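Chain by chain, the residues run as shown.
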Amino acid sequence: MINVTPNKIQKSPNGRGDPNYIQIIDVVKKFGSATAVDQVSLTIAKNEVFGLLGSSGCGKSTLLRMMAGLETPTSGKILIDGVDLASMPPYHRPVNMMFQSYALFPHMTVEGNVAYGLKQESVPKQEIRERVQSALELVQMQDYAKRQPHQLSGGQQQRVALARSLVKRPKLLLLDEPMSALDKKIRQKTQFELGNILYKVGVTCMMVTHDQEEAMTMADRIAVMSAGKIAQVGTPNDVYEFPNSRFSAEFIGSTNMFEGKLVDDDSDLLVCPYLDTAIQTRHPNNLPKDAPITVSVRPERIKLHTQNPDLPSNNTRGILEQIAYMGSYTLFYVRCPSGKMIEVNVSRQVLGQMDVVPHYEDEVWLSWDLDSGVVLPK
């Protein structure tokens, strides 16, 4: 379950720059008869952290590798700061990629790893020393400069890999599943640390992840990708609160889907065949009467009652079948008479204010407000 809160990462004081700094235009990538990336178009602003979110095999890593020059697009264009990368080899691109394995040289020290790229470019020794020192200070690894990778924790290795990527001052930083090698507790802490570093530097960044919380914590905007296509682009709040498809609604967090038909346009009434209540929700004005409708209602938007609130709509009953205590909130799974299961997220504060706490196999009632549902297009 994702609890959407305001992004606590310190934003860059410089803000965003050119909104079309990165342009991906109608990019297609085929491997034989299989299409991995299908007509993808995106723009990324300068200094923006952009998240590409999707399940395994959706094409997100292939898109990242094309931007790095490790794969060649079958068709389409990729431009950075107005420059087409098509004929530019990977080692000449103003792009640095941080792999999920970190790919540190085991026989080199921390400062040796960070300095490697600069030495390959024949940067003067004094400048290398200054830039390496600055990069290590940025990621708070200056005290580990003489250590080797095997002497570092996973989080420390990640910081070294980030310093090695930033020391070359790329126009675009690519992160491929940057937290996948870390355990959950360290990953949550590192999300904020890494995000704050990126904003402090002001680098333009595109990160690929399948972790919803990671994308929503670190990114200014996210693109949800499915089967090689972009399903939705927006801020984390917009994508969560206003999904534009069933796929987006179900992929980002948890949701309850109610399907029915519009029976009364004036009062926004929807009838679902498997509920003993009418659903009332706002919907687009162009929907005709009797149109099929799918409504998404997030679990935290549903209220749990031990007595019937006796509301004319958005009010149903059921038997409490499962309870999952999650610390700051509790998940309740309620089975309606039709057999439909509804998930409800109740915060610890709200649960503590209830006169009677419901238990397994209790009869309960559920309700939600008019503005709690989002009508999804077919």
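Now for a look at the structure at hand. Computed from a prediction, not measured in an experiment: that's the story for all the values here.

1. Overview of the pattern of salt bridges
Move 1: Under the criterion given, the structure shown has 14 salt bridges.
Move 2: Of the charged contacts, one joins Arg-221 and Glu-48 as a salt bridge, the two residues approaching to 2.5 Å between their closest N and O atoms. Taken together, the residues Arg-221 in strand 9 (residues 221–226) and Glu-48 in the loop between strand 2 (34–44) and strand 3 (49–53) connect sequence positions 173 residues apart.
Move 3: On the basis of relative accessible area, Arg-221 is assigned to the buried category, the value being 19%.
Move 4: Judged by its relative accessible area of 0%, Glu-48 falls in the buried class.
Move 5: For the salt bridge of Lys-171 with Asp-81, the shortest nitrogen-to-oxygen distance reads 3.3 Å. Taken together, the positions of Lys-171 in the loop between helix 4 (154–166) and strand 7 (172–176) and Asp-81 in the loop between strand 4 (75–80) and strand 5 (83–84) put the pair 90 residues apart, joining distant regions of the chain.
Move 6: Relative accessible area serves as the criterion here: at 34%, Lys-171 is assigned to the partly exposed category.
Move 7: Residue classification places Asp-81 among the partly exposed positions, given a relative accessible area of 40%.
Move 8: Look at the salt bridges and you will find they share partners, linking Lys-29, Arg-65 and Glu-71 into a network.

2. Description of the packing of helix 2 (residues 110–120) against helix 3 (residues 125–138)
Helix-helix packing is characterised by the crossing angle of the two axes and by the distance between the axes.
Move 1: Their axes nearest at 10 Å, the elements helix 2 and helix 3 cross at an angle of 130°. Between helix 2 and helix 3, the angle is such that the two are oblique. Judged by the sense of rotation from one axis to the other, the crossing of helix 2 with helix 3 is right-handed. Where helix 2 approaches helix 3, its residues Val-110, Glu-111, Val-114, Ala-115, Leu-118 and Lys-119 are matched on the opposing element by Ile-128, Arg-131, Val-132, Ala-135 and Leu-136.
Move 2: Split into classes, the residues belonging to the contact of helix 2 with helix 3 amount to 8 nonpolar, no polar and 3 charged.

Conventions used here
Residues numbered from 1 in each chain as written. Predicted model: local features only at pLDDT ≥ 70, side-chain atom pairs only at ≥ 80, totals over all residues. Heavy atoms only, no water. Salt bridge = Lys/Arg side-chain N within 4 Å of Asp/Glu carboxyl O. Helix = DSSP H or I, 4+ residues; strand = E, 2+ residues; numbered from the N terminus. Buried < 20%, exposed > 50% of the residue type's maximum accessible area, 1.4 Å probe, protein only. Axes fitted to C-alpha atoms, helices over the stretch in contact; angles between N-to-C directions. Parallel < 35°, antiparallel > 145°, perpendicular 65-115°, else oblique. Left-handed = near helix turned anticlockwise from the far one by under 90°. Contact = heavy atoms within 4.5 Å. Nonpolar A, V, L, I, M, F, W, Y, C, P; charged D, E, K, R; others polar.

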